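# Structural characterization, general
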Amino acid sequence: MEYSIIIISEGKELEVVNGNDVNSAHQKASEKMFRYKYPIYNLIDYSEIGLQKEKNCIKKDLALQTTKNIQSVLAEEKRILENSINSKIDLWFFLQESTKTHFDEQKPQSKEYPSEPEYFPLPPKPNITDPKYKIKKTLIDNIRKEKFVQKKLQVNNTFEEDLKNWDNSKNEIEIKNQELKRIYDKQIAEIKNELERAILDWEKRKIQFEKNNKKTVETITFLKNEYLSLETSAIETYNYELLRLISNNRKYYKFECDITYNPTNKIIAIEYLLPDIDSSTSVCEVKYVASKDIFEEKYLSKKDFQALYDEVIYQLTLSTINDIFKHDEVNAIDSIIFNGYIKTIDKSNGKNIQPYIISLLVSKDEFAKINLSQVDAKQCFKNLKGVSASALSSQTAIAPIIKIDKKDKRFINNKDIVNDIDNSTNLAAMDWEDFEHLIRELFEKEFSTNGGEVKVTQASRDGGVDAIAFDPDPIRGGKIVIQAKRYTNTVGVSAVRDLYGTVMNEGATKGILVSTADYGPDAYEFAKGKPLTLLNGANLLYLLEKHGHKAKIDLMEAKKILSEK
């Protein structure tokens, strides 16, 4: 009996995969499915259908079901934000429930033992009383007794010969039967040994499963305690697991996310993989045309498809931020940085790239004022001063508002050094004048590579202008004010506000504030939408490394050193 699989896929005609049985047909179809987007297939036994009319009816129903599935997916994509608003997840409950699974592998059972072999039967043992050995005494035997004795002797000899042959035959049969019994016993022993080994392996797997379950429970308990204690790694793990759990409901999006939490300013940064437009489908309907025996696919218009893609990305962004804020049980997060990126191919060189296409920084207080159930996702995003291309479907790369590097460069790097700065130099503990001078020198190198010029101003501890750069670029260039802050505590909004005032007074096109510490949420919030760039300690060490220098930033060590001066 032959079975067939019908595969429907975007931009592909009907494809039929045949198999000798159900499993082989499904296996072949599964191997082909990975080539297509939104694969939908149905098992059909043509040997039972027979009539073409019945085949057409099944294909028509299949097309209707496919359309229903696609429409369901499209509708779900438009409800991403709505689902986020209406759902609340108890992550600890879900994690604990995942450990309550039982070892459901059945204990191995003994195979059915083979029947005992049919042994060779033993021949009957000759008996002297058998008729064969009886001698009928005749009249002559009475007269000639020696003749009778001779007969009797002959019969006895025959009996002895038969008995001897029987004994030999019995021994041969017993040997054969013993071999049959030996083979049978060996089979039984092998089955028993195999069962014993299988049970032993099963018990080992069961014990390992229970150990893993116990370890998982302990890990979850430890994670929860660490989370409640506001440990950085636990907060990162909690939010990662939260987003991963939520993403399970989005069947067609691969989940990939990187989370960094800064306990100093209570900002959590999310690097989130978004679906690229090439991996999305524009099919909205499938019809079966019986006259041509083909499936035809109807597509969204290019405008509607791009609008849908933009809507999905904006909703994903807002829903992710909403989910993080809503599930912040310990009030650990004041602000969120969401940087959305895609995985695609640079059409100019064919290389794989991961450009950012959307970026948003928002505080919890600001986000709480929004009635998400009534907003247009794109307008809400723009109102929050998010950064993206005018059309996300263009997938134009943008510079994220803040880029967090998980490989924090504040750790000591044991590489070669240049000039007077080495990997033992703690920038946060430097003399403030030396620090400002270092920043000026660094930016002289940075801008000189583009033909720019840096004019140094007199060093001052009061936060005035430390350096002015002139960038000759006709589009992004101009006069740039640079200020340096050797801080060991979080930089507040006042320093950023002062820089903005200086930029306005100087008539500059941009201001750059460099600090050894990080910035508070209010500082980032104030800088949004303004020609200001805030470089923290990690950014500073990156610039130093870029120009051949190595150093470190240890704020705790710096506080101790400076307090002793």
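In what follows, the structure referred to is the one given above.
Before going into details, it helps to say that this report is about the structure given with it.

Calculation rules
- Residues numbered from 1 in each chain as written.
- Predicted model: local features only at pLDDT ≥ 70, side-chain atom pairs only at ≥ 80, totals over all residues.
- Heavy atoms only, no water.
- Phe/Tyr/Trp six-rings, centres within 6.5 Å; stacked < 30°, edge-to-face > 60°.
- Helix = DSSP H or I, 4+ residues; strand = E, 2+ residues; numbered from the N terminus.
- Buried < 20%, exposed > 50% of the residue type's maximum accessible area, 1.4 Å probe, protein only.
- Pairing = 2+ DSSP bridges.
- Contact = heavy atoms within 4.5 Å.
- Axes fitted to C-alpha atoms, helices over the stretch in contact; angles between N-to-C directions.
- Salt bridge = Lys/Arg side-chain N within 4 Å of Asp/Glu carboxyl O.
- Core = buried A, V, L, I, M, F, W, Y, C linked by side-chain atoms within 4.5 Å.

## Remarks on the packing of aromatic side chains
Taken as a whole and judged by the stated rule, the model has 13 aromatic pairs. Between Phe-255 and Tyr-272 the ring centres are 6.1 Å apart and the planes differ by 75°, which places this aromatic pair in the edge-to-face class. Here Phe-255, found in the loop between helix H8 (232-247) and strand S4 (257-262), pairs with Tyr-272, found in strand S5 (residues 267-273); they are 17 residues apart in sequence, far enough to count as distant. An aromatic cluster of at least three residues, connected via ring pairs, comprises Tyr-240, Phe-255, Tyr-272 and Phe-338.

## Overview of the pairing of S5
Strand residues, when the strand is regular, have side chains that alternate between the two faces of the sheet. Within S5, seven of the seven residues are buried, leaving the element largely enclosed by the surrounding structure. Because side chains alternate across S5, one face comprises the buried residues Ile-267, Ala-269, Glu-271 and Leu-273, and the other comprises Ile-268, Ile-270 and Tyr-272, equally buried. Pairing of S4 with S5 involves six bridges; the strand directions are antiparallel. When the bridges of S5 are listed, Ile-259 appears paired with Ile-270. Taking the residues that link successive antiparallel strands as the turn, the S4-S5 hairpin has four residues, and the phi of Lys-266 there is positive, at about 60°.

## Digging into the sheet that holds strand S11 (residues 356-363)
In spatial order, the strands read S4-S5-S8-S11-S12; together these five strands make up an open sheet with mixed pairing. Edge positions in the sheet fall to S4 and strand S12 (387-388), since each has one partner strand and no second. Note that S11 and S12 share two bridges and pair antiparallel. By the bridge assignment, Ser-359 is partnered in S12 with Val-387. Contacts from H8 reach S4 and S5, with the element oriented near 145° to S4. Where helix H9 (residues 302-326) meets the sheet, its contacts fall on S5, strand S8 (335-341), S11 and S12, and the angle it forms with S11 comes to roughly 35°.

## Some details on the pattern of salt bridges
Enumeration over the complete set of coordinates arrives at 18 salt bridges. Here Glu-174 ties to Lys-170 by a salt bridge, and the two come within 3.5 Å at their closest N and O atoms. Linking Glu-174 with Lys-170, this pair stays in helix H7 (residues 145-228), spanning four residues, or about one helical turn. Under the relative-accessibility criterion, Glu-174 is labelled partly exposed at 30%. The residue Glu-366 makes a salt bridge to Lys-528 at a minimum N-O spacing of 3.8 Å. Taken together, the residues span a long stretch of sequence, with Glu-366 in helix H10 (residues 364-368) and Lys-528 in the loop between helix H14 (521-527) and strand S17 (532-535) at a distance of 162 residues. Connected via shared salt-bridge partners are Lys-254, Glu-256 and Lys-343.

## Description of the nonpolar core
Formed by 62 residues in total, the largest nonpolar core has its most connected members in Ile-270, Leu-274 and Ile-358. Considering every element that reaches this core, the biggest residue donor is H9, with eleven residues. By size, the runner-up hydrophobic cluster in this structure holds 26 residues, among which are Ile-439, Phe-447, Ala-551 and Ala-558.

Purely geometric numbers; function is a separate question.
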